[in-house]
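Structural overview
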Amino acid sequence: MKCLTERELDMFLAGIDRENHDSVQAHIAGCPRCSRLQLVLIQEQKDLEIELYAEALPDDFTEQIMNRLESIELDSNSFEAPKGLQPLQGLIATECSDNENGNDEALSNLSAEDLPKPYRLAHVHRRKWGKWRLAAVAMAILLVAGALAAASPVLAQLVRSLFKGDSVDIGLLNAQEFGLVQHPGIRVKNNGYTVRIDEAVADPTRVVVALQLFGPDGKHDRERLVLNGPNAITIKDEHGVKIDELYDMGMTNDFYYLVAFFPEPIQTDKITIEGRLSRLGNELEKIPFSTGTWNFDFSIDMKEAKAKTKVFPLQGEYITPDGMTIRLKRLTQMVQGVRLEMDTELSSDALLRSPDELWKQQGLKFHFETMEGEEIHSVNTRRFPHNDSLMTKSFIPGDKLGLMHWSYTFKYLPTDTPFRFVFDGYFIAENDGSKVDFNPRKLLEQPVEFHSMEDNLILRKFTIEPNRNPDVHREEGTLHISGMLFNEAMNNKWRIEDEQGYSYEVRGGGGYGFKDGFVEMSGGRPDEFYQFRTPEINIIPERLTLIRTVVDRVHTNVNWTVIMNH
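Residues numbered from 1 in each chain as written. Predicted model: local features only at pLDDT ≥ 70, side-chain atom pairs only at ≥ 80, totals over all residues. Heavy atoms only, no water.

**Observations regarding the overall build of the chain**
- Secondary structure assignment for the chain yields ten helices and 32 strands.
- Residue burial in the chain is summarised as follows: out of 566 residues, 50% are buried.
- In the chain, once contacts between residues fewer than 6 apart in sequence are set aside, the share between residues at least 24 apart is 67%.
- By element, 49% of the accessible surface of the chain is carried by carbon and sulfur atoms, the whole surface being about 27,300 Å². (Helix = DSSP H or I, 4+ residues; strand = E, 2+ residues; numbered from the N terminus. Buried < 20%, exposed > 50% of the residue type's maximum accessible area, 1.4 Å probe, protein only. Contact = heavy atoms within 4.5 Å. Areas by Shrake-Rupley, 256 points an atom, 1.4 Å probe, with all protein chains shown as cover.)

**Regarding the pairing of strand E6 (residues 242–245)**
- Two elements, strand E5 (residues 232–236) and E6, share three bridges in a ladder whose sense is antiparallel. Its bridge partner lying in E6, Thr 234 is registered against Glu 245.
- Hairpin connection of E5 to E6: five residues between the antiparallel strands, including Gly 240 at a positive phi of 85°. (Pairing = 2+ DSSP bridges.)

**Re the packing of aromatic side chains**
- This structure, assessed with the given rule, holds 21 aromatic pairs.
- Ring geometry for Phe 255 versus Tyr 257: centroids 6.2 Å apart, planes at 20°, classification stacked.
- Of the aromatic side chains, those joined through ring pairs into one cluster are Tyr 318, Phe 366, Phe 368, Phe 395, Trp 406, Tyr 408, Phe 410, Phe 419, Phe 421, Phe 423 and Trp 560.
- The side chain of Arg 222 reaches across the aromatic face of Tyr 256, ending 4.4 Å from its centre.
- Sitting over the ring of Phe 289, Arg 279 keeps its end group 4.2 Å from the ring centre. (Phe/Tyr/Trp six-rings, centres within 6.5 Å; stacked < 30°, edge-to-face > 60°. Lys NZ or Arg CZ within 6 Å of the ring centre and 35° of its normal.)

**Brief notes about the environment of Tyr 193**
- With respect to the helices and strands, Tyr 193 occurs in strand E3 (residues 193–202).
- As a C-alpha pair, Tyr 193 and Thr 293 span 100 residues in sequence and 9.9 Å in three-dimensional space.

**Points about the nonpolar core**
- In this structure, Leu 340, Met 342, Phe 366, Phe 368, Phe 421 and Phe 423 are the most contacted members of the largest nonpolar core, which totals 34 residues.
- For this core, the elements supplying multiple residues, two or more each, are strand E15 (324–333), strand E16 (338–346), helix H10 (348–353), strand E17 (362–370), strand E18 (375–379), strand E20 (403–410), strand E21 (419–438) and strand E32 (560–564).
- Top element by residues in this core is E21. It accounts for five residues.
- In this structure, Ile 186, Ala 260, Ile 273 and Met 302 belong to the second largest nonpolar core, which totals 29 residues. (Core = buried A, V, L, I, M, F, W, Y, C linked by side-chain atoms within 4.5 Å.)

**A short note on the pattern of salt bridges**
- Following the criterion strictly, the structure yields 27 salt bridges and no others.
- For Glu 245, the salt bridge goes to Lys 242, with nearest N and O atoms at 2.6 Å.
- Arg 383 is paired through a salt bridge with Glu 375; the nearest N and O atoms lie 3.4 Å apart.
- The exposure class assigned to Arg 383 is partly exposed, which follows from its relative accessible area of 39%.
- On the basis of relative accessible area, Glu 375 is assigned to the partly exposed category, the value being 22%.
- Look at the salt bridges and you will find they share partners, linking Glu 317, Arg 327, Glu 345 and Lys 400 into a network. (Salt bridge = Lys/Arg side-chain N within 4 Å of Asp/Glu carboxyl O.)

**Considering the environment of Gly 215**
- As for its placement among the helices and strands, Gly 215 is situated in the loop between strand E4 (206–214) and E5.
- Look at Gly 215 and you get buried, because its relative accessible area is 9%.
- When the C-alpha positions of Gly 215 and Tyr 193 are compared, they lie 4.7 Å apart, and in sequence the two are 22 residues distant.
- Residues contacting Gly 215, with those up to four places away along its chain left out, are Gly 192 and Tyr 193.

**A closer look at the side chain of Asp 498**
- Within the fold, Asp 498 resides in strand E25 (residues 488–498).
- In this structure, Asp 498 is buried with no salt-bridge partner, the nearest side chain bearing the opposite charge being Arg 495 at 10 Å.
- Among the polar contacts made by the side chain of Asp 498, one reaches the main-chain amide nitrogen of Tyr 502 at a distance of 2.8 Å.
- Look past the residues within four positions of Asp 498 in its chain and what remains in contact with it is Tyr 504, Arg 543 and Leu 544. (Lys, Arg positive; Asp, Glu negative; His and termini not counted. Polar contact = N/O pair within 3.5 Å; in protein donor to acceptor, adjacent residues only side chain to side chain.)

**Here we look at the sheet that holds strand E9 (residues 270–276)**
- The strand order E6-E5-E9-E12 describes an open sheet built from four strands, whose pairing is antiparallel. Edge positions in the open sheet fall to E6 and strand E12 (296–301), since each of these has one partner strand only. Averaged over neighbouring strand pairs, the angle between their axes works out to 25° when direction is ignored.
- With five bridges connecting them, E5 and E9 associate as antiparallel partners. Bridge pairing in E9 links Thr 234 to Glu 274. (Axes fitted to C-alpha atoms, helices over the stretch in contact; angles between N-to-C directions.)

**Points about the confidence of the model for the chain**
- Looking at the chain as a whole, the pLDDT averages 79, with 73% of positions reaching at least 70.
- Per-residue pLDDT stays below 50 along residues 68–139; that stretch engages in 123 contacts with residues further than four places along the chain or on separate chains.
- Low confidence marks residues 141–159, where pLDDT is under 50. Its contacts with residues over four positions away, or in another chain, come to 34 contacts. (pLDDT = per-residue confidence, 0-100.)

**Notes on the side chain of Arg 548**
- The topology assignment puts Arg 548 in strand E31 (residues 544–555).
- Exposure remark for Arg 548: the relative accessible area of 0% places this residue in the buried category.
- A polar atom in the side chain of Arg 548 sits 3.4 Å from the side chain of Ser 452.
- Beyond its immediate stretch of four places on either side in the chain, Arg 548 contacts Asp 432, Gly 433, Ser 434, Phe 450, Ser 452, Met 453, Asp 455, Asn 492, Lys 493 and Trp 494.

In structure tokens:
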């Protein structure tokens, strides 16, 4: 498919081009140029919303709107009319047809019922209107603004939405396209604070809820609600059994962006969102606690969302040189996401390297790309920048030693154009015995190097330092190191052995980052090295040995690509 013109992308965002929706969406997902243009157009819509719906209307609001509409070329903008207000499409559609390439004529012939939600305030592609038309639009804006202001003391709270700004993603847009956005209309007021929920979206993949908390001044308070302790918002199935809890994902200051991701697609026909809130305040932000009752519940019918779920069996198996077999199983296309399932199984030789429970500490590295080689998503990559839309992942040991069941849920994958699954490797905890001897008294003048499996560390110095926990009054031996790891760092295990053969567990202190495809080890502060701390050593001995007993080994000697066209 060819890249879209700005006008074509405008039509797609407006929901007018329904016939080619899937192919256009798939193209955008795999095309960096069209993805960037889509973000620009969405930002233009957001900017216009900000201009039109400020927290308070200035005295010269009407004059500003008239001047702006005369001096700029209008772009798409969306507004969902609140209950009790008539949509404006009829007025706009009949006055905006310039019959440009035939598309405006098609738009003008759409009735109010034909136009998709949310209501399109002005889907006109950069053309100027006469003053009488501007006056009609300005009057309509003023009528809507007046109605909103009368309904609430804070105008902007009615246009804060899941579908604007950084909070929107393609899963939410899909839910909007299919009419799956719920409007619970929750209003719970107690002790001067009001909990409000205007939008919620659910499918077998996830639940997203936009919650706002208004204080006595009528303004949204983004820091006062903390979901722990006495506060919880749970999700229950049709039998009242708890499925999950919502948590605050952040992402926006306009509302509490509450989400729950399901590792397995839920099968219930109805879910109930049950909020039990009894304390407002934030200890970390030093906001005093207020008690009260802000309980609520509402239900969401899942039948339509489940009906739009499609399952596509996958074929493909690959055996790596080091003994891991990968089998693709299925893709599950849901409204808000796509779930990929696969199995892995280790050979007997691979299990010998990862005995007991070590084999369960593993991860996969792969990515999706277009047929032209452009990245769609990457999982466990060290490339920067890269695309990542992973929502959930799970790995569950099977009923056979070495067998693992994997599932990954992404926000989207192309639906009607082929793309590639590219296996990049895996990492797994394996037994190791790599070691290096050193004189801790001379490290500062004579650093020692540790080399193993493409990992390179430098032992810088050895000191006796107080425990970093102020409640623990004990000194401990501290080995300061720097360096780069080709392998992963999370599941590595280290020990220090003294001259008498006594072995001591060590705990790491510091952080990790990525640089040039390697893991870079660093201290907690810019002037520090990474540290291995040993509480049992409180004097500097003559000789020590650093031993890595377990390595989180990366295997990249793989070569497997599968074309997916579901």
